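Structural description and commentary
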Amino acid sequence: MLQGLQPFLALDIFAQASELEAEGRGIRHLEIGEPCSPPAPAVKQAVARHLEQERQGYTAAKGLPALREAIAGYYRNQHDVDLDPGRIVVTTGSSGAFILGFLACFPHGAKIGVTRPGYPAYVNILAGLGFEPVEIELKPQDDWRLDVASLAAAHEEHGLAGLMLASPANPTGAMVGRERFAEIIDYCTRLGIRLISDEIYHGLNFSGSCTSALEITDDAVVINSFSKYYCLTGWRIGWMVMPPDCVRQTEVLAQSMFISAPTPSQVAAMAALEERAYYDAQRERYRANRDVLVKGLEDIGFETPHGGDGGFYAYVDITRFSNDSITFCRELLENADVAVTPGVDFDRTNGHRYVRISFASDRPVIEGALTRMADYLRGR
Ligand SMILES: Cc1ncc(COP(=O)(O)O)c(C=O)c1O
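As a starting point, this report considers the structure included with it. These numbers were taken from a predicted model, which means no experiment stands behind them. (Residues numbered from 1 in each chain as written. Predicted model: local features only at pLDDT ≥ 70, side-chain atom pairs only at ≥ 80, totals over all residues. Heavy atoms only, no water.)

**Considerations on helix H5 (residues 120-128)**
For H5, the full list of buried residues reads Pro120, Tyr122, Val123, Ile125 and Leu126. The inward-facing, buried residues of H5 contact helix H4 (93-105), strand E3 (111-116), strand E4 (132-137), strand E5 (162-166) and strand E6 (194-198). Looking one or two residues beyond H5, the residue adopting positive phi is Gly130, at roughly 90 degrees. (Buried < 20%, exposed > 50% of the residue type's maximum accessible area, 1.4 Å probe, protein only. Helix = DSSP H or I, 4+ residues; strand = E, 2+ residues; numbered from the N terminus. Contact = heavy atoms within 4.5 Å.)

Here you go:
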């Protein structure tokens, strides 16, 4: 049996919250990282039209050619990058893309750098596939941004074959600016480290612009998804752009592991790419939510809460109230009906001092949660 896998506590909290809900409690859900907005109306219409067709079959393993052309168009319009659609592979969410990317690009047992705090699935997927994750610590005083010195220290100690980096990041919302990103990519290129750039929160940036690794290099594995910005979490659809030398290998793996991504979801994705005005409006809602949340947390007395540069999470220092984020989250749920995620999910070393709060829900949910948190924490 595999050792070292860690449960995703956000989902455990969600399960506990759902049980309380079944007992009639009105839970404020701020634990799960998904938008509460529906997909754009045109997306639902496109899928409804698709469902009229008789044939509901597979697509090519790399995805519908029209969708891959449309994704290439996205890079042209958003990033000024001219991309060969042949390098694009449509996947079952970015989660499916990680599996393909790691297997296609790295030998068994390769050491891959991951940031801590970071999205916990990276470590579990890497360990599950027989790779070795190497954690690189990020610091709050650096606004949780990776720098070349920390990367170089990890490489000198462990000999990294790859680096997994998300910007904007989960759980901190930190973005590395273009200049810093170029430095990191330059270091990776010189030292033969393959970058896997998780760009799933692109489009959800509140300050500065999101730089795609494709603007700087053709050698990175670039992963993206329709889950977050495009509000299609449940459709399990994403994509990856592979370095030219790994395309065929990825395609062969995709044929065997997934056959193809779900066809109706590919139709939804194609329509979603056309609806940026709708999705930008959702981003502006998250921005307003973030500001309300940060102000509310400040008023309650949390230490300098920060809503991040992008994404839809605040990673909040709870040490004024507790030094044990798991107990803090359980008690908050049981006593105040507010569900948030323990930082331990994202950082097994220092996460006991933090919680992650999602602000992707509706404003009244956030305001209600703040009121309940204030009443509970002040009354303790
Ligand atoms: C940083 C990051 N990458 C990838 C994923 C996986 O998303 P999906 O498989 O829905 O594309 C998530 C989900 O929360 C995430 O936060």
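**Digging into the sheet that holds strand E11 (residues 341-342)**
With respect to topology, three strands assemble into an open sheet ordered E9-E12-E11, the strand pairing being antiparallel. Looking at which strands have only one partner, the edges of the open sheet turn out to be strand E9 (313-317) and E11. Sheet analysis places E9 next to strand E12 (residues 354-358), joined by five bridges and oriented antiparallel. Following the sheet pairing, Tyr315 is matched in E12 by Arg356. (Pairing = 2+ DSSP bridges.)

**Points about the nonpolar core**
Grouped together as the largest cluster of nonpolar side chains are 95 residues, with contacts concentrated most on Tyr75, Phe226 and Phe302. Formed jointly, this core draws a minimum of three residues from each of two domains, domain 1 (9-39 + 277-379) and domain 2 (41-274). Apart from residues lying up to four places away in sequence, Tyr75 is in contact with Asp80, Val81, Leu83, Ser212, Leu214, Val222, Trp239 and Val241. With 27 residues, the next largest nonpolar core counts Phe98, Leu126, Ile196 and Met242 among its residues. (Core = buried A, V, L, I, M, F, W, Y, C linked by side-chain atoms within 4.5 Å. Domains from an automatic or database assignment.)

**Considering the packing of helix H1 (residues 9-22) against helix H11 (residues 325-336)**
Two elements in contact, H1 and H11, have axes whose closest approach is 11 Å; the angle formed by their N-to-C orientations is 20 degrees. With respect to their mutual orientation, H1 and H11 come out roughly parallel. Here H1 and H11 pass one another in a crossing that is right-handed. Where H1 approaches H11, its residues Leu9, Ile13, Gln16, Ala17 and Leu20 are matched on the opposing element by Ile326, Cys329, Arg330, Leu333 and Glu334. (Axes fitted to C-alpha atoms, helices over the stretch in contact; angles between N-to-C directions. Parallel < 35°, antiparallel > 145°, perpendicular 65-115°, else oblique. Left-handed = near helix turned anticlockwise from the far one by under 90°.)

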